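Working through the structure, step by step
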Amino acid sequence: AGPLTVAIDGPAAAGKGTLARAVAARLGLAYLDTGLLYRATGLAVRRAGGSPDDPAATEQAARALSPDDLNDPALRGEAAGDAASRVAAIPAVRAALLEFQRAFAAQPPDGARGAVLDGRDIGSVVCPEAPVKLFVTARVETRARRRFLELRERGTEVIESRILRDMEERDARDRSRSVAPLVPVADAVVLDTSDLDRDGALSAALALTGARV
Ligand code: C5P
């Protein structure tokens, strides 16, 4: 058998990242946060003075990415998130980042027996053959609240109503784009974390994963 792949998709601040990391740790799998690839691409273009809506500049930035670029703390900020969702709508950027993601799943680093990838199109495009697919979601107000608390904890001054508005805009952009829109595939299990804490989400995910591996 080839390596085991767990695909986790869903909107921003649904708890995907925390959950994906915990599932990977529990099952001894490698973990890739694919949003970082889009964030790093968007940030690189912005830093070079370009626009995250420019197809040529963004494709070039995506092709030039190196794994080291994924460690920049600025990638976690809202500016990088906004730039990410813009570059993510450009087909050439998605194509450029596809190989990196598939290689990670096919040959997980450090000899791991598999990998957890989280993003928006892992189950639909990147790893359609993954035996385990979770679509992790939560109410938009709950997600905005989580992001607000997370940013405040990091000392960033933010207004919750603005976060909610930005999140609704980003969701709409991710859901309505013509390439790889954010929608659960037919064989994904939907996990709503609105009323679950971290442990509750992990137990639910492991139960679903265990049943399908
Ligand atoms: O998950 P994260 O908030 O880091 O993702 C940032 C943006 O990158 C998302 O809003 C989405 O537009 C894009 N993205 C994507 N496909 C992925 C991961 C992220 O389009 N697999």
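Residues numbered from 1 in each chain as written. Predicted model: local features only at pLDDT ≥ 70, side-chain atom pairs only at ≥ 80, totals over all residues. Heavy atoms only, no water.

1. Section: the packing of helix H7 (residues 140–153) against helix H8 (residues 160–176)
- Contact geometry of H7 with H8 gives a least axis separation of 9 Å together with a crossing angle of 125°. One finds that H7 runs oblique with respect to H8. Considering the relative orientation of H7 and H8, their crossing is right-handed. On H8, the residues touching Val140, Glu141, Arg143, Ala144, Arg145, Arg147, Phe148 and Leu151 of H7 are Glu160, Ile163, Leu164, Met167, Glu168, Arg170, Asp171 and Arg175. (Axes fitted to C-alpha atoms, helices over the stretch in contact; angles between N-to-C directions. Helix = DSSP H or I, 4+ residues; strand = E, 2+ residues; numbered from the N terminus. Parallel < 35°, antiparallel > 145°, perpendicular 65-115°, else oblique. Left-handed = near helix turned anticlockwise from the far one by under 90°. Contact = heavy atoms within 4.5 Å.)

2. A look at the pattern of salt bridges
- Following the criterion strictly, the structure yields 20 salt bridges and no others.
- Arg147 is the salt-bridge partner of Glu78, the closest N and O atoms lying 3.2 Å from each other. Residue Glu78 is found in helix H4 (residues 78–87), and its partner Arg147 is found in helix H7; the two are separated by 69 residues along the sequence.
- Look at Glu78 and you get partly exposed, because its relative accessible area is 28%.
- Residue Arg147 is classed as buried on the basis of its relative accessible area of 9%.
- The salt bridge involving Asp82 is made with Arg173; its shortest N-O contact spans 3.2 Å. (Salt bridge = Lys/Arg side-chain N within 4 Å of Asp/Glu carboxyl O. Buried < 20%, exposed > 50% of the residue type's maximum accessible area, 1.4 Å probe, protein only.)

3. A few points about the packing of helix H2 (residues 35–47) against helix H3 (residues 55–63)
- Viewed as axis vectors pointing N to C, H2 and H3 meet at an angle of 120°, and their least axial separation amounts to 9 Å. The pairing of H2 with H3 is recorded here as oblique in orientation. Remark: the crossing between H2 and H3 carries right-handed chirality. Side by side, H2 and H3 meet where Thr41, Ala44 and Val45 of the first sit next to Ala57, Thr58, Ala61 and Ala62 of the second.
- Its residues assigned to classes, the contact of H2 with H3 shows five nonpolar, two polar and no charged. (Nonpolar A, V, L, I, M, F, W, Y, C, P; charged D, E, K, R; others polar.)

4. Structural notes on the site of the ligand
- Around the ligand lies a shell of 15 residues, among which Thr34, Arg39, Arg94, Arg120 and Asp174 are the nearest.
- The contact in question runs from an oxygen atom of the ligand to an N or O atom on the side chain of Arg39, over 2.5 Å.
- Contact distances for the ligand include 3.0 Å between an oxygen atom and a side-chain N or O atom of Arg177.
- Relative to its unbound accessible surface of 450 Å², the ligand loses 97% to contact with the protein.
- Taken together, the elements giving at least two residues each to the shell around the ligand come down to H2, H4 and H8.
- Ranked by the residues each element gives to the shell around the ligand, the list is headed by H2, at three residues. (Near = heavy atom within 4 Å. Polar contact = N/O pair within 3.5 Å; in protein donor to acceptor, adjacent residues only side chain to side chain. Areas by Shrake-Rupley, 256 points an atom, 1.4 Å probe, with all protein chains shown as cover.)

5. Describing the sheet that holds strand E5 (residues 189–192)
- Spatially, five strands are ordered E2-E3-E1-E4-E5 in an open sheet, and the strand pairing comes out parallel. Looking at which strands have only one partner, the edges of the open sheet turn out to be strand E2 (30–33) and E5. On average, adjacent strands in this sheet sit at an angle of 20° to one another, irrespective of strand direction.
- Both strand E1 (residues 4–9) and strand E3 (residues 114–119) contribute to a ladder of six bridges, which runs parallel. Bridged to Leu4 within E3 is Gly114. (Pairing = 2+ DSSP bridges.)

6. Some thoughts on the UniProt feature "domain: Cytidylate kinase" (unreviewed entry) in the protein chain
- Taking the numbering used here, the UniProt-annotated feature "domain: Cytidylate kinase" (unreviewed entry) corresponds to residues 6–198.
- The span residues 6–198 shows a helical share of 50% and a strand share of 12%, and its end C-alpha atoms are spaced 18 Å apart. (UniProt positions renumbered as here; feature names shortened; annotations may be inferred.)

7. Some words on the UniProt feature "binding site: ATP" (unreviewed entry) in the protein chain
- Those residues carrying the UniProt feature "binding site: ATP" (unreviewed entry) are Gly10, Pro11, Ala12, Ala13, Ala14, Gly15, Lys16, Gly17 and Thr18 in this numbering.
- Residue classification places Pro11 among the buried residues on the basis of a relative accessible area of 1%.
- Its location among the elements puts Ala12 in the loop between E1 and helix H1 (16–27).
- Aside from chain neighbours lying at most four places away, what touches Ala12 is Arg120, Arg143, Met167, Arg170 and Asp171.

8. Focus: H1
- Helix length check: H1 (12 residues) gives 16 Å between terminal C-alpha atoms against 16 Å at 1.5 Å per residue, within 8%.
- Immediately beyond the C-terminal end of H1, within one or two residues, lies Gly28, with a positive phi of roughly 70°. (Expected span 1.5 Å × (residues − 1).)

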